[in-house]
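Here is what each chain is made of, one letter per residue.
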Amino acid sequence: MTNKIYNFSAGPSALPESVIDTIKSEINNFDQGMSVLEISHRSSAFKKYADESEENLRNLLNINSDYSVLFLQGGATHQFSMLPQNLSYKESADYLVTGAWSAKAADYGSYHTSVNIVSNSINNNYTTLNDITSWSLNDDAEYFYYASNETIHGLEIHETPAVNVPIINDMSSTICSRPININDYGLIFAGAQKNLGIAGLTVVIANNDLIENKAKNLPPISRYETHAKEKSMLNTSPVFAWYVAGLVFKWILEQGGLKTMGEINKEKAKLLYEFIDDSSIYSNPVEKKYRSWMNIPFIIKDASLDESFLCEASKEGLKNLKGHRTVGGMRASMYNAMPIEGVKKLIDFMDYFQSRNLNNV
Ligand SMILES: Cc1ncc(COP(=O)(O)O)c(C=O)c1O
């Protein structure tokens with residue numbers, strides 16, 4: 001086996017190698033001998049770069065002019081509050097809970113609005129989606145909230161739920177992993193540190209009708225509408241994180257866009273799930289239909305092997321495979337930047353580890 005490092009972290013996570021190379025080569029001079037680390041978000045060079053990056057993201061996701069694209073700070077968690085603050089006029093919102101992140105969003109939402117949990121997969125340990133016929137949907141709700149990919153539990157909803165109110169999607173761990181139809185959504189958001197670059201930036205894509213003339217009771221910094229009008233430069237923008245996201249957008253376009261990304265991601269996930277399902281010692285608890293392409297949790301039958309698995313994997317260059325502290329076991333996060341070779345190397349290692357431990361389980 002080679003010494004190449006593959007980083008399976010759930011986020012912040014691996015960046016494409018060529019993006020890191022570009023950062024290295026450009027770090028001393030972004031504009032007139034000044035580093036991107038030391039320039040103003042209002043400099044003409046950065047404004048031009050920001051416009052280009054937005055254009056590239058619009059091309060990738062096919063975002064039309066009915067939508068605003070915002071480059072904000074505060075992390076995805078901040079959106080758990082900003083969203084209901086901005087949109088909770090009917091004083092009721094529907095939340096679908098399918099894992100830790102949507103559960104947290106529902107909790108945060110309840111500080112601002114009356115949260116109606118339409119269905120909660122905690123009743124099956126977040127391993128499947130309850131059938132839509134059992135959901136208690138409210139057609140008068142201001143919006144319907146869900147997280148299409150649950151990063152910790154590895155549950156992904158592959159089709160947008162058919163509901164009658166504006167749909168909000170936390171796409172932090174799945175944005176740009178495949179094509180989507182943006183018109184299905186009222187608003188989507190994503191922390192950048194998984195598929196769009198580094199921590200410090202949160203991308204929000206919002207339908208203009210949904211955010212216009214809303215939240216006048218809030219200070220400008222808390223309103224989507226002001227950020228949209230000010231082109232995400234109401235206050236100091238996260239310049240470096242935005243710059244990195246711009247490089248990632250270009251990289252995805254160079255790879256062939258989201259169709260190609262989707263094909264590669266599907267293939268990577270298929271290889272690992274097939275191996276796990278055929279194995280004697282590993283298992284993944286999520287119902288097949290709802291398995292995540294991005295985050296694959298798995299356990300070893302005998303949990304006392306976890307430590308040696310992680311230690312040996314790390315020595316082989318397979319890093320950050322420990323499962324989330326709340327669920328234990330292992331988790332392989334395989335965002336766009338994880339090459340298929342990394343997944344194959346992981347499978348080879350898991351196979352080898354299994355062959356040496358078959359008698360212990
Ligand atoms: C699906 C999802 N939503 C929200 C968050 C929270 O993101 P942040 O740490 O940027 O607030 C995460 C973090 O991993 C996540 O995976």
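Below is a summary of the structure that appears in this document. (Residues numbered from 1 in each chain as written. Predicted model: local features only at pLDDT ≥ 70, side-chain atom pairs only at ≥ 80, totals over all residues.)

## Regarding the overall build of the protein
For clarity, the threshold we go by: Here a strand is any run of E in DSSP of at least two residues, a helix any run of H or I of at least four, and the numbering for each starts at the N terminus. Exposure in this text rests on C-beta crowding, where 20 or more other C-beta atoms within 10 Å of a residue's own make it buried, 12 or fewer make it exposed, and counts in between make it partly exposed. The C-beta atoms are placed from the backbone. Residues are defined as contacting one another if the C-beta atoms placed from their backbone atoms lie within 7 Å.
Along the protein, the regular secondary structure elements total ten helices and 14 strands. Its C-alpha atoms put the protein at 65 × 60 × 30 Å along the principal axes. Each of the 361 residues in the protein was classed as buried or not, and the buried ones make up 44%. Sequence separation of 24 or more characterises 68% of the internal contacts of the protein that already satisfy a separation of 6 or more.

## A word on the site of the ligand
Heads up, the condition is: Placing a C-beta atom from the backbone of each residue, we mark the residue near a molecule or strand if the atom is within 6 Å of it. Residue polarity follows a fixed list, in which Ala, Val, Leu, Ile, Met, Phe, Trp, Tyr, Cys and Pro are nonpolar, Asp, Glu, Lys and Arg are charged, and the others, Gly among them, are polar.
Residues in contact with the ligand, as listed here, are Gly 11, Gly 75, Ala 76, Thr 77, Trp 101, Ala 147, Thr 151, Asp 170, Ser 172, Ser 173 and Gly 191. A per-element tally of the shell around the ligand places helix 3 (residues 75–87) first, with three residues. Tallied by class, the residues present in the shell around the ligand amount to three nonpolar, seven polar and one charged.

## Observations regarding the packing of helix 8 (residues 257–278) against helix 10 (residues 340–357)
Just so we agree on the cut-off: In this analysis an axis means a line fitted to C-alpha atoms, helices contributing only their contacting stretch, and an angle means the value between N-to-C directions, from 0 to 180 degrees. By the definition adopted for this analysis, an angle is roughly parallel if under 35 degrees, roughly antiparallel if over 145, roughly perpendicular if from 65 to 115, and oblique otherwise.
At a closest axis distance of 10 Å, the pairing of helix 8 and helix 10 adopts a crossing angle of 5°. The angle between helix 8 and helix 10 falls in the class roughly parallel. Each of Ile 264, Glu 267, Lys 268, Leu 271, Leu 272 and Phe 275 in helix 8 lies in contact with helix 10, whose residues at this interface are Ile 340, Val 343, Lys 344, Ile 347 and Met 350. A breakdown of the residues in the contact of helix 8 with helix 10 according to their chemical character gives eight nonpolar, no polar and three charged.

## A few points about the sheet that holds strand 11 (residues 282–283)
Put simply, the rule reads: By the convention used here, strands pair only if DSSP detects at least 2 bridges between them.
Read across the sheet, three strands follow the order 11-12-14 without closing on themselves; strand pairing throughout is antiparallel. With partners counted over all chains shown, the strands left at the sheet margins are strand 11 and strand 14 (330–333), one partner each. Across the face of the sheet, helix 8 comes into contact with strand 11, strand 12 (295–300) and strand 14 while running at roughly 15° to strand 12.

## Structural notes on helix 8
Heads up, the rule is: Multiplying one less than the number of residues by 1.5 Å gives the expected span of a helix. When we speak of the arc, we mean the arc of directions from the helix axis to the C-beta atoms.
The end-to-end C-alpha separation of helix 8 is 32 Å, in line with the 32 Å expected for 22 residues at 1.5 Å each. Of all the positions in helix 8, only Leu 258, Met 261, Ile 264, Asn 265, Lys 268, Ala 269 and Leu 272 are classed as buried. All buried residues of helix 8 lie within an arc of 130° about the axis, which places them on one face of the element. Turned more than 90 degrees away from the buried face of helix 8, the exposed residues are Lys 259, Glu 263, Glu 267, Glu 274, Asp 277 and Asp 278. Where helix 8 is buried, its residues contact helix 2 (44–61), helix 7 (239–255), strand 12, strand 14 and helix 10.

## A word on the packing of helix 2 against helix 7
For clarity, the threshold we go by: Handedness of a crossing is defined here by the sense of rotation of the near helix relative to the far one, left-handed for an anticlockwise turn of less than a right angle and right-handed for a clockwise turn.
Running from N to C, helix 2 and helix 7 point in directions that differ by 40°, and their axes come no closer than 9 Å. With respect to helix 7, the element helix 2 is oriented oblique. For the pair helix 2 and helix 7, the crossing hand works out as left-handed. Seen from helix 2, the contacting residues are Phe 46, Tyr 49, Ala 50, Glu 52, Ser 53, Asn 56, Leu 57, Asn 59 and Leu 60; seen from helix 7, they are Val 239, Trp 242, Tyr 243, Ala 245, Gly 246, Phe 249, Lys 250, Ile 252 and Leu 253. Looking at the contact of helix 2 with helix 7 residue by residue, the class counts come to twelve nonpolar, four polar and two charged.

## Examining the sheet that holds strand 10 (residues 202–207)
Taken in spatial order, the seven strands make up an open sheet running 2-10-9-8-5-3-4, and their pairing is mixed. The sheet terminates laterally at strand 2 (67–72) and strand 4 (114–120), the two strands that pair on one side only. Ignoring strand direction, the axes of neighbouring strands in this sheet form an average angle of 15°. Note that strand 3 (residues 92–97) and strand 4 share six bridges and pair parallel.

Take it as geometry only, folks, not as evidence of what the structure does.
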